[in-house]
Amino acid sequence: MNTKFNLSEWALQHKSLVWYFMILASVAGILSYINLGREEDPDFTIKTMLIQASWPGASVDEMTSQVTDRIEKKLQELESLDYTKSINTPGQATIYVNLRENTKAADVKPTWVKVRNMIGDITPNLPQGVQGPYFVDSFGDVYGNIYAFTADGLSQRQLRDYLEAARQEILSVPNVGKVDLIGAQDEVVYLEFSTKQMAALGLSQSDIIDTLQNQNAVVASGTLRTGAESINLRVSGQFATEDALRDINLRVNDRFFRLSDVAKITRGYSDPEQALFRVNGKPAIGLAIGMKPGANLLNFGEALSEKMEKVVAGMPIGIGVHHVADQAVVVDEAVGGFTKALFEAIAIVLVVSFLSLGMRAGLVVAVSIPLVLAITFVFMGYLGISLQRISLGALIIALGLLVDDAMIAIEMMVSKLEHGQPLSKAATAVWTSTAFPMLTGTLVTVASFIPVGLNDSAAGEFTFSLFVVIAISLIVSWIVAVLFAPLLGVLMLPKTMKAHHEQKSLLARVFSRILATCMQWPKTTILATVAMFGLSVYGMGFVQQQFFPASDRPELIIDWTARQNYTIAQTKADMDAFEAKHIAGDPDVDHWTSYVGQGAKRFVLSFDVQPSTNNFGQMVVVAKDIDARDRLMAKLKTAAEEEYPGTDVFVKQMELGPPVGRPVQYRVGGADPQMVRTYAQELAGIMGQDPRLTSIVFDWNEPARVVKVDVLQDKARQLGVSSSDIATSLNNITGGSTITQIRDSIYLVNVVARATKDERESIETLRNLQLPGSNGQSVPLASIANFRYELEQPVIWRRDRIPTITVKAAITDETQPATIDQRLKPSIDAFAAKLPSGYSVETGGSVESSATSQAPIAAVVPLMLLTMATILMFQLQSFQRLLMVVIVAPLGLIGVVGALLPSHAPLGFVAILGVLALIGILIRNSVILVVEIDTLRKSGRHAWDAVREAAEHRMRPIMLTAAAASLALIPIAREIFWGPMAYAMMGGIIVGTVLTLLFLPALYVVWFRIRKPDEAPGEVTP
């Protein structure tokens, strides 16, 4: 870059100002580092909304066709809709609205508002009696702190009173978000009637209901206005306790009956039980506490802990408090581990610098690295990027790259000093000789991360900070190298240095001999390299594919799915037995919580939240460490398979990145649910042929019994009885109906009328049910209706309005889902081809999620290549040199495959990002080498000597950079998340560096037909 302005020279002429900026940047960086937010993982937007509706008395088919289908049809008008998924049960429907992956995070909330308006437009068209629709647009809310409270000697109501007071206190904590109760049981007052006694006394439930509702009604009773005063009138009679109900007198047919004489009045909790929460096998109520977006998690955790100490101190003895989820502690430990890895990487890079460059030159690099990091922290703070797994990993990856600029700058200064130039002249040569090639290489490396920055999928949002942090740090490293490094070099380097190019090191002598051989036999070198590349392409087929790895957290998640018709009581009984036998007392278990009738709260963003049903439960088992978790996982899997063959018990680790669930999934869809069931079973048989798959299950399949009441309509009409009368009477007996409420403190306690226990569990009671007829006489139900059993689907899942069964399977070994999918693909494709029109099979699970996340990368790769080519053309201004430099980039695949195969590391989403980064790294080295060759040729060197000398001269900085970049990855190579990427990049950098220094000179010699000076002329002038 031979221009009149020289930034390095300007820095030397304005030393005080430059020192001021260096000190300012250092102080600002330290302050920014202290104030940066801390997270375990970066945030990503959950682009899912729930719509719920109920229609009491409707069958699954009626719910699906009359409610769900109408809502889903309307949702299809939404421009950003990806797909809808719905779960339909008798009288209930839940629709999942999933937006496209490329929907911007800022557009998600406005889209939910639009969804509300769209569904509001069709609400009047829903059948009469439909309740809702209701909207849950906070599906992605995270409750990072969960406290479990147990009570010894206190009732559930007393415990809840204390927790309601605690919730009010917690809501005063700065930056607190939602605070929800988990597992709290609502109180209910039951009026249990004997239908036989009622019939004998000539009483009907409607008489009792009317009496209670009229007495308990809150009705405006007026206001007296006398002169200057207004006095409100209040009419008594409202129920404050269940005792008030017992004293009520009923007047029927001019006779009085006390309510307690004809009904058993009891106050208890909801029967059947509502969703339950348990800790270490004991009943509990939980407090799930969220934080407002953008707040500092560690500061919030500290403030919350202080508040909880005061709250707990005010509770009576007998209340046990268990902090079962503490995201602040997890983040503190995780960030501490990542930070430790960062400092280890810094130490490694500094050691490489000192050993390779010497004490003084190494000291310049040692000062440059913290300076770059400090400025990077300032930008991170300004952009709101916290310290978390991705950003800290990006810093570690960037370390090996950003040190390159400082090393090149110092290497250039040392080289000039060895050639006898004065120190100040050597310092200014950094700008004139290497600044522009370094900038080109830096921008090319940054451009290689463009697919990360422009990936608009959930996985791309998860890894976005990787692009930002690396881009900032690399650009800053170039500025430091040309602005600050020359000033540091003048301060720390000696004024003169002895030339030592005549006394090459052993490594330099070995390299020179290998280089001479490669240049002497360039075609052989090229053919050998091409052969290795072809072998690596073949070997790539043996590298397993992966989406995101499992988490390194100590939790185990156990999804417990019983038979579809199980009651919540039976689900709880099975889970309790499993916990008591296999979890309680296990030395590997620290503590555990269980959720019955619901899934766990989203205590970390990547948690896979499950729908609430009576036959579902979830256990969160926290092991004492990772090894204990793995041992525990094996034991629990074996126990579940052997002792609960009819129950789907899925034991899994936490997931990193967007949640997937069971790794291998296929969806079978079609118009007829019964045919879909049949085809799903056939597909499961095909999947079962792979011995690596286990626990093959369906998200719905088995039918359940129902009692069909066939009403003889003509006879019923003659007697003045309608189907509505029959349905209402049956519901009042079996489930009960809420007839009024008791207003007790902050609670509303429902008063539910139902039959006695022995009557509501008997079919004979239903047959003998007495219904009021038109002539005032009672009509037995059996005289106007027939009873029979039928089978029907208790639940139907739909996807895009089509009944769909997802067949899921777990994997028994370390094989990746993509590998199994490739093996099953021919059989499944053949099966899908035989299905009738309208029926299909689609791949789901990890394979689908991976493809969805990688598709945006593939779409952006052309832009990445175009950007890189444009940057290179500005520097090289030659199509031949451009092609030559680009040819080197794919050769890094040789090292990638060579590293992944022996380490058995899969090529996951993050590893693919590393492979893309390799392109920029290798092109960077190639550009600097080619520019140096051209510089030497322009200075009068023979082309052959220019190639040789450039390669020998660039060998040390390129090898040092490669060593620093690869060794800096060692601290994260042991990480589950970063390991595959670290192996891929280390292998690619090492092999790619060697090829840059050997293959590129050979290619240059062949491309331009260069011969040794003692041979006949014939070189091509580029």
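Since the model is a prediction, treat every value here as computed from it, not as a measurement.

1. A few points about helix H12 (residues 359-383)
Point 1. With 25 residues, H12 should cover 36 Å at 1.5 Å per step; its first-to-last C-alpha distance of 36 Å lies within 8% of that length.
Point 2. Positioned one or two residues after H12, Gly384 has a phi angle of 75°, which is positive.

2. Section: the pattern of salt bridges
Point 1. Here the structure, examined in full by the defined rule, presents 45 salt bridges.
Point 2. Linking Asp271 and Arg754 is a salt bridge whose minimum nitrogen-to-oxygen distance equals 3.4 Å. Here Arg754 lies in strand S25 (residues 747-755) and Asp271 lies in the loop between strand S12 (263-269) and strand S13 (276-279), a separation of 483 residues in the sequence.
Point 3. For Glu949, the salt bridge goes to Arg948, with nearest N and O atoms at 3.9 Å.
Point 4. The partly exposed category is assigned to Glu949, whose relative accessible area is 23%.
Point 5. Residue Arg948 is classed as partly exposed on the basis of its relative accessible area, which comes to 26%.
Point 6. Because the salt bridges share partners, they merge into one network encompassing Asp69, Glu72, Lys73, Arg798 and Arg801.

3. Observations regarding a nonpolar patch on the surface
Point 1. Taken together, the side chains of Ile23, Val27, Ile30, Leu31 and Ile34 define a hydrophobic patch exposed on the protein surface, amounting to about 480 Å² of accessible area.
Point 2. With respect to the helices and strands, the residue Ile23 is situated in helix H2 (residues 15-35).

4. Considerations on the packing of aromatic side chains
Aromatic ring pairs are defined here through the distance separating the ring centres and the angle between the ring planes.
Point 1. The full count for this structure, using the stated rule, is 14 aromatic pairs.
Point 2. Pairing Phe277 with Tyr595 gives two aromatic rings, centres 5.0 Å apart and planes at 50°, and the pair type is tilted. Placement of the pair is Phe277 in strand S13 and Tyr595 in strand S18 (residues 589-596), with a sequence separation of 318 residues.
Point 3. On the basis of relative accessible area, Phe277 is assigned to the buried category, the value being 2%.
Point 4. Classification of Tyr595 as buried rests on a relative accessible area of 2%.
Point 5. Ring geometry for Phe578 versus Tyr644: centroids 5.9 Å apart, planes at 70°, classification edge-to-face. Taken as a pair, Phe578 in helix H19 (residues 568-582) and Tyr644 in the loop between helix H20 (626-643) and strand S20 (648-653) lie far apart in primary sequence, 66 residues in all.

5. Focus on the pairing of strand S7 (residues 187-193)
Point 1. A large share of S7 lies buried, amounting to seven of its seven residues.
Point 2. The side-chain alternation of S7 yields two buried faces, one formed by Glu187, Val189, Leu191 and Phe193 and the other by Val188, Tyr190 and Glu192.
Point 3. By the bridge criterion, six bridges tie S7 to S25 in an arrangement that is parallel. Looking at S25, one finds that Tyr190 is bridged to Val752.

6. Details of unusual backbone geometry
Point 1. Residue Pro133 is reached from Gly132 by a cis peptide bond, and omega for that bond is 0°.
Point 2. One can find Pro133 in strand S4 (residues 131-136).
Point 3. Residue Asp271 is joined to Pro272 through a cis peptide bond whose omega torsion reads 5°.
Point 4. Turning to its location among the elements, Pro272 is positioned in the loop between S12 and S13.
Point 5. Here the phi dihedral of Asn175 falls at roughly 70°; this positive angle occurs in a residue that is not glycine.
Point 6. The class of Asn175 is partly exposed, set by a relative accessible area of 40%.
Point 7. If you check the backbone angles, Asn280 has positive phi at about 50° while not being a glycine.
Point 8. Considering the arrangement of structural elements, one finds Asn280 in the loop between S13 and strand S14 (282-283).

Conventions we followed
Residues numbered from 1 in each chain as written. Predicted model: local features only at pLDDT ≥ 70, side-chain atom pairs only at ≥ 80, totals over all residues. Heavy atoms only, no water. Helix = DSSP H or I, 4+ residues; strand = E, 2+ residues; numbered from the N terminus. Expected span 1.5 Å × (residues − 1). Salt bridge = Lys/Arg side-chain N within 4 Å of Asp/Glu carboxyl O. Buried < 20%, exposed > 50% of the residue type's maximum accessible area, 1.4 Å probe, protein only. Patch = residues over 30% accessible without salt bridge, like charges linked within 9 Å, V, L, I, M, F, W, Y side chains within 5 Å. Areas by Shrake-Rupley, 256 points an atom, 1.4 Å probe, with all protein chains shown as cover. Phe/Tyr/Trp six-rings, centres within 6.5 Å; stacked < 30°, edge-to-face > 60°. Pairing = 2+ DSSP bridges.

From the geometry alone we can't say anything about function, so treat these as descriptive.
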